[in-house]
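Topology and contacts: notes
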Amino acid sequence: MSILPIHDSASRRTFLKTLYGTVAAGCLASANSLADESSPRMPIGFSLYGMKSVPVAEALKVCSEIGYECVELAVMSDWPCAPEKLSAVQRRDLRQQLEDLRLQPVAFMENLPLAVDGEKHRDNLDRFKRAFDLSRDLAPQQTPLIETILGGSPDKWPMLKEKFVERLRDWSAVAAEHKSVIAIKAHIAGALHMPQDAVELVLVIDSPSLQLTFDQSHFQLRDLPLADSWKAMAQRTRFVHVKDGRGKPGRAHRQRPVVSCRIASRRPDHRGRRSSWR
């Protein structure tokens, strides 16, 4: 796998142009091709994570008017699109609006802590199931994708990584049951915060239902070059966030609203590479 040269200070526009170029050139492809050769371009959309205070109908209208092709819906419990807040009628109306505006709901955002036990862990699994059901209601012809960070803090990574593996096996099993994908994201303030660690997690689980979300803003703040981060994660990335970030690890930082892209996959055989974690 190769990648086009990218400057570390690349803007969102430069990043997207480069990412499109890698897809068009086939640079995202593995032996079985992660990109759909018949339709190599990725749709670009906006995450409603950046529009919490805006009514959903209005937010979708704005996204359509701007020219976005798809959206990511935030389905956390305190957000307007949380599954438990949407009745059957509201789901029908939301699906109709998405169709009328020609917006694809390509992903759902969750924020579920992974290092939990007992009832809380079961609650997380139930939240995934409800989100997958909502995705089917809104886009029945599409493979649902839920992206989430994992919680914890960077200093806890050594003690949490084995627990993460244990819990992620359950997460991936639920996703597989629903013929869906969970794409986990490394976060500057989370236990999972480095590109290679994210790759190692999905390799040890070794399931097509557990993949990666790529968000360079969290690596940029750790002075990790974009080209290096992408090269490490591209093969297992199914979803991309593009946004700016300011600050330093361990300090307050802010990020701009999120532009999102979903990468098509043919569910390649990942068993050619094995993780060192067992």
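Now for a look at the structure at hand. Just so we're clear, the structure is a prediction, and the values are computed from it rather than from any experiment.

**So, the packing of aromatic side chains**
- For the coordinates displayed, the defined rule picks out seven aromatic pairs.
- Between F128 and W171, the aromatic rings sit 4.7 Å apart at their centres with planes inclined by 70°, giving edge-to-face as the arrangement. Residue F128 is located in helix α4 (residues 118–138), and its partner W171 is located in helix α5 (residues 157–177); the two are separated by 43 residues in the primary sequence.
- Here the aromatic cluster, defined as three or more aromatic residues joined through ring pairs, consists of F128, F132 and W171.
- The residue whose ring lies beneath K52 is W79, and the NZ or CZ to ring-centre distance is 4.8 Å.

**Some words on the pattern of salt bridges**
- What the rule picks out here adds up to twelve salt bridges.
- Here E65 and K61 are joined by a salt bridge, their closest N and O atoms 2.4 Å apart. Of the two residues, E65 and K61 are both situated in helix α2 (residues 56–66); the distance of four residues between them amounts to about one turn of the helix.
- We classify E65 as exposed; its relative accessible area is 56%.
- D117 is the salt-bridge partner of K163, the closest N and O atoms lying 2.5 Å from each other. Taken as a pair, K163 in helix α5 and D117 in the loop between β3 (104–111) and α4 lie far apart in primary sequence, 46 residues in all.

**Here's the deal with empty space enclosed by the protein**
- In this structure the tally under the stated criterion is one cavity of 30 Å³ or more.
- Approximately 70 Å³ is the volume attributed to the largest cavity.
- In this structure, the largest cavity is lined by L48, M51, K52, V54, V56, A59, L73, A74, W79, P80 and C81.
- Elements supplying a minimum of two residues to the lining of the largest cavity: α2 and β2 (70–74).
- Each residue belonging to the lining of the largest cavity can be placed in one class, and the counts come to ten nonpolar, no polar and one charged.

**Section: the side chain of R167**
- Relative to the helices and strands, R167 is located in helix α5.
- When its relative accessible area of 9% is taken as the criterion, R167 is described as buried.
- For R167, the residues in contact, after removing those within four places along its chain, are L114, V116, D117, G118 and H121.

**Examining helix α6 (residues 195–205)**
- By the criterion of burial, α6 is predominantly enclosed, with ten of the eleven residues buried.
- Residues of α6 that are buried: P195, D197, A198, V199, E200, L201, V202, L203, V204 and I205.
- Lining the buried residues of α6 we find α5, β5 (181–185), β6 (210–215), α7 (216–220) and α8 (226–233).
- In the stretch just after α6, D206 is the one whose phi turns positive, near 55°.

**A closer look at the packing of α4 against α5**
- One way to put it is that α4 packs onto α5 with a least axis distance of 10 Å and a crossing angle of 25°. The pairing of α4 with α5 is recorded here as roughly parallel in orientation. As α4 packs across α5, the resulting crossing turns out to be right-handed. Contacts from G118, H121, L125, F128, K129 and F132 of α4 reach α5 at R167, D170, W171, V174 and A175.
- Its residues assigned to classes, the contact of α4 with α5 comprises six nonpolar, two polar and three charged.

Rules of the game
- Residues numbered from 1 in each chain as written.
- Predicted model: local features only at pLDDT ≥ 70, side-chain atom pairs only at ≥ 80, totals over all residues.
- Heavy atoms only, no water.
- Phe/Tyr/Trp six-rings, centres within 6.5 Å; stacked < 30°, edge-to-face > 60°.
- Helix = DSSP H or I, 4+ residues; strand = E, 2+ residues; numbered from the N terminus.
- Lys NZ or Arg CZ within 6 Å of the ring centre and 35° of its normal.
- Salt bridge = Lys/Arg side-chain N within 4 Å of Asp/Glu carboxyl O.
- Buried < 20%, exposed > 50% of the residue type's maximum accessible area, 1.4 Å probe, protein only.
- 1 Å grid on protein atoms, 1.4 Å probe; cavity = no way out; pocket = protein on both sides within 12 Å on 5 of 7 lines; lining within 4 Å.
- Points joined across faces, edges and corners; volume = space filled by probe spheres on them.
- Nonpolar A, V, L, I, M, F, W, Y, C, P; charged D, E, K, R; others polar.
- Contact = heavy atoms within 4.5 Å.
- Axes fitted to C-alpha atoms, helices over the stretch in contact; angles between N-to-C directions.
- Parallel < 35°, antiparallel > 145°, perpendicular 65-115°, else oblique.
- Left-handed = near helix turned anticlockwise from the far one by under 90°.

Just geometry here; none of it tells us what the structure is for.
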